[in-house]
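Secondary and tertiary structure notes
These are the residues of each chain, in order.
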Amino acid sequence: MSEDFNAAQFSVVPKEEPPSPQSAFGGHESSSAASSEPTPGATPGAPSAGGAPSTETTRQSSLQKIMQRKRNVWQLPHSQKLAKLSMYSACQAEGCRCTGWKLPEEHKYRDVEGTFCPKFTEECRNSHCKHSVDSHLSHLADIEEEQLNGLLGTIVDVENLFMSMSREEDSDTKKVYYFLFRLLRQCILTRQQPVIRGPLGDPPFESPSMFKAITNFVFFKFHHLSQAEFHTMSEVARTFLNCLNQWNFEAPSVRGRDLSHEDASTYKINYMRWLMFCHVPAFCNSLPHYETSVAFGRTLLRAVFQFVSHQLLYKCRTEKDRMPMEKRLLLMHMPKFLDALKHEVINEESPIWDPTYKPAVSLLLQRTANAKRQHEAAASPSSAARRATAEGSQTKKYKYSNDVEDLSNEAVIQAMRNISDSKNNRNNEVVFPVNAPRDEAAKTKESRREIELHIVGNSLSHPVSKQSMIWLLGLHSVFAHQLPGMPRDYISRLVFDPKHKTLALIEEGRPIGGICFRTFATQGFTEIVFCAVTGDKQVKGYGTHLMNHLKDYSIQQGIKHFLTYADEFAIGYFKKQGFSKDIKVARPIYQGYIKEYDGATLMHCELHPSIVYTQFSSVIRRQKDIVTELIAQRQHEVQKIRPGLTCFKEGVRSIPVESIPGLREVGWRPVARAQRQARPLEESVDPEKLAQTLATVLVAVRQHTAAWPFQEPVNQAEVTDYYEHIKYPMDLKTMGERLKKGYYVTRRLFMADMARIFSNCRFYNSPDTNYYRCANALERYFQTKMKEIGLWDK
């Protein structure tokens, strides 16, 4: 790309169908350009795009002020909203090319966001237009309030960009601001969502991303630490990534002085990408936003790492004493983290930048086992203390028992029969026990056809039955009565919107509850808009039953995610239905699609495709009954009185403990033999030291004169039948790759792969060949090297 970057190279391509405008343009902000509120060019919420990062508090404060500006605009009377929009709407009069109505000269400095509202018959100040406000709004007669608010939010972003552009001195930054200004300006005219297309490409720009590489780095460098230390380094890495996401990078005109021409050109491209996709959308949320650590990879990190690390270390020294204790502990480990990361960023062969890199399975298992053990110790201190007393002071590895016996099918079937017989013999009058599932009564009523569930909705493409319209009217009444905070016209607009559907709960021909939802198939999630049950039918499990039916319906449609904004009174209900405040759907997937509500909390539920949710509680209860019955059977067996041992009377001096009748039945298992003392450089010590030692041996073997046949995998084109005879091939190159990925956590894995090379060679080749002789010679050399460092015990 030429360094003479021009914003006009980009094409402005609005999407064909804009999503819900209130959230499509991202939030609740607005103000005029002349407002005294902070503007993007002057606040950390919209900082000038160079220099060190501002504090998180200042950034958040600025973003909140921008958000408040949009809320103020949304609360204006409808006429003032239209007047504001007319200033950015093209004149519809034939032959007129005016792109926005301008206040008459006498009102030139009046603010339509205050108390002033122009008359819709007043003429535009533009001498080439002279048309009224109505001429600029005639094409917006059918605009909905949500879409109007979305366009007004975009107008605020346009004004902020204009102010940023006028205050910005760097030419490259100014070009990006100008391009984005034109993009949003055109999207207001076309009433569509902005999409950025151009020679800079689309995020992510590199693979792996910074986030993936740093994650790899933590496992690669710190997997041998204790669980607490590993967790600390993970938090340090998270802090470092957060700093990168909040950082304001230097402009190319400043940064380029210290770079070569090629590096400066590359940095300029990445800087403009960062501006366009990360920096500007952070305060101008009408644009799609990406985190820096997700959109960029090694190239940008290498360019800014030295400067960022110096600033972070300076921050650690100067602000450590003013921070909370937990933050202070993290900053103490930051120098060690940055020093280790610096080597991996520079190293061309570092495995953390390999897109296919995965931590060794043994490392993941070890980390999982440690985490589980620590969790159990925290959950039950008394049991942990008892375990520590039994094990003594010697530290042991956590191991799973391999001799656990599974139950036979006959035992499970017999338990199910016993449960059925016991239920049939009960004579009490209790229909459901106290701990019955919440939806048990609703499921019984549905099986008796006392209630029905139907998916209903309006349509513009085919006729809607009279019954469906009656049910929709009834559902509207239910939602309006149970959700008094929602405007009735807003409920009407969504319930009767063809894009929304409602799962209706029908009793005696009338709706008593329902869930209104909208499915975004292309995005893979369903938005739950309203959920309510009539007051006299609540606390009967109908809400749970409705949600379970909607989950099964969504799985059938291939949708596995629910999103909803819950008010403070509904959070408890949604938590019981499996929703969480931990949103596991990436923000770009739902941003601009789901409707946002002030004072509400976004919640997410992930569905499992193999679960039938309407039967889930019954299945769990059935499993619990079976386990209880099996425990009762085992207790009955344990309580059996067994005959005493007579073998000692017959002269037997000793017997194995496991041969005592009934001992295994009560759960006794033979104690595993103590493992022998670990050899030097085994997995019990520093894996890095072992890896370095094995790497030294491998390099020496590869440099031996007899190693030439084994350097790389056998070429099948040259030796066509090799892989028909050799099922498990191995070579020195593959061993080198395994060593880099951390596969050789013990010396025996390394020795086994090396032995496989020699055995494969001798199996395929006859003893009179050079290959056979090379294998023998190299094997002897390998054994000698292993003995020299004390790793050979054969």
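Description of the structure in this document. (Residues numbered from 1 in each chain as written. Predicted model: local features only at pLDDT ≥ 70, side-chain atom pairs only at ≥ 80, totals over all residues. Heavy atoms only, no water.)

1. Quick word on the packing of helix α26 (residues 732-740) against helix α27 (residues 747-764)
Axes are the key here: two packed helices are described by the angle between their axes and the distance separating the axes. Note the cut-off: Throughout, an axis means a line fitted to C-alpha atoms (over the contacting stretch in the case of helices), and angles, computed between N-to-C directions, take values from 0 to 180 degrees. Going along the chain from the N terminus, every DSSP run of H or I of four or more residues is numbered as a helix, and every run of E of two or more is numbered as a strand. The scheme is simple: roughly parallel for angles under 35 degrees, roughly antiparallel for over 145, roughly perpendicular for 65 to 115, oblique for anything else. Crossings are assigned a handedness: left-handed for a near helix turned anticlockwise from the far helix by less than a right angle, right-handed for a clockwise turn. Contact criterion: two residues are considered in contact whenever any of their non-hydrogen atoms come within 4.5 Å of each other.
As a packed pair, α26 and α27 sit with axes 10 Å apart at the nearest point and diverge in direction by 165 degrees. Classed by the angle they form, the pair α26 and α27 counts as roughly antiparallel. Remark: the crossing between α26 and α27 carries right-handed chirality. Within the contact between the two elements, α26 uses Leu732, Met735 and Arg738 and α27 uses Phe750, Asp753, Met754 and Ile757.

2. Considerations on the side chain of Asn245
Rule in force here: Whenever two N or O atoms come within 3.5 Å, that pair is a polar contact, provided that in protein one can donate a hydrogen and the other can accept it, and provided that, for residues adjacent in sequence, both atoms are side-chain atoms.
Note on placement: Asn245 falls in helix α8 (residues 227-246). One polar contact links the side chain of Asn245 to the main-chain amide nitrogen of Ser293, over a distance of 2.9 Å. Beyond its immediate stretch of four places on either side in the chain, Asn245 contacts Glu291, Thr292 and Ser293.

3. Focus: the sheet that holds strand β5 (residues 510-520)
Here is the rule: In this scheme, strands are said to pair when DSSP sees at least two bridges between them.
The strand order across the open sheet formed by 6 strands is β3-β4-β5-β6-β7-β8, and the pairing between neighbours is mixed. Each edge of the open sheet is held by one strand with a lone partner, namely β3 (451-456) and β8 (601-606). Taking each pair of neighbouring strands and ignoring which way they run, the sheet shows an average axis angle of 25 degrees. Bridge count between β5 and strand β6 (residues 525-533): 8 bridges; the pairing is antiparallel. Each residue of the ladder has a partner; that of Phe520, found in β6, is Phe525. Where helix α19 (residues 488-495) meets the sheet, its contacts fall on β5 and β6, and the angle it forms with β6 comes to roughly 130 degrees.

4. Notes on the environment of Gln711
Structurally, Gln711 can be placed in the loop between α24 (687-702) and α25 (722-725). Spatially, the C-alpha atoms of Gln711 and Lys733 are 5.8 Å apart, while their sequence positions differ by 22 residues. In contact with Gln711, other than residues within four places in its own chain, are Arg702, Asp731, Leu732 and Lys733. Here Arg702 takes part through its backbone oxygen, which lies 2.7 Å from a polar atom of the side chain of Gln711.

5. Observations concerning the packing of helix α17 (residues 440-447) against helix α20 (residues 542-556)
Heads up, the rule is: Each residue receives one of three labels: charged for Asp, Glu, Lys and Arg, nonpolar for Ala, Val, Leu, Ile, Met, Phe, Trp, Tyr, Cys and Pro, and polar for the others, Gly being one of them.
Where α17 contacts α20, the axes come no closer than 7 Å and their chain directions differ by 70 degrees. Judged by the inter-axis angle, α17 sits roughly perpendicular to α20. As α17 packs across α20, the resulting crossing turns out to be right-handed. Between α17, through Ala442, Lys443, Lys445 and Glu446, and α20, the contact on the second element is made entirely by Tyr542, His545 and His549. When its residues are assigned to classes, the contact of α17 with α20 shows 2 nonpolar, 2 polar and 3 charged.

6. With respect to the pattern of salt bridges
The criterion, for reference: When a carboxyl oxygen of Asp or Glu is within 4 Å of a side-chain nitrogen of Lys or Arg, the pair counts as a salt bridge. Burial here depends on accessible area, computed with a 1.4 Å probe over protein chains only, as a share of the maximum for the residue type. Under 20% is buried, over 50% is exposed, and the range in between is partly exposed.
Counting across every chain of the model gives 9 salt bridges. Between Lys268 and Asp172 there is a salt bridge; the shortest N-O distance is 3.4 Å. Taken together, the residues Lys268 in helix α10 (residues 261-283) and Asp172 in helix α6 (residues 171-190) connect sequence positions 96 residues apart. One exposure class covers both Lys268 and Asp172, and it is buried.

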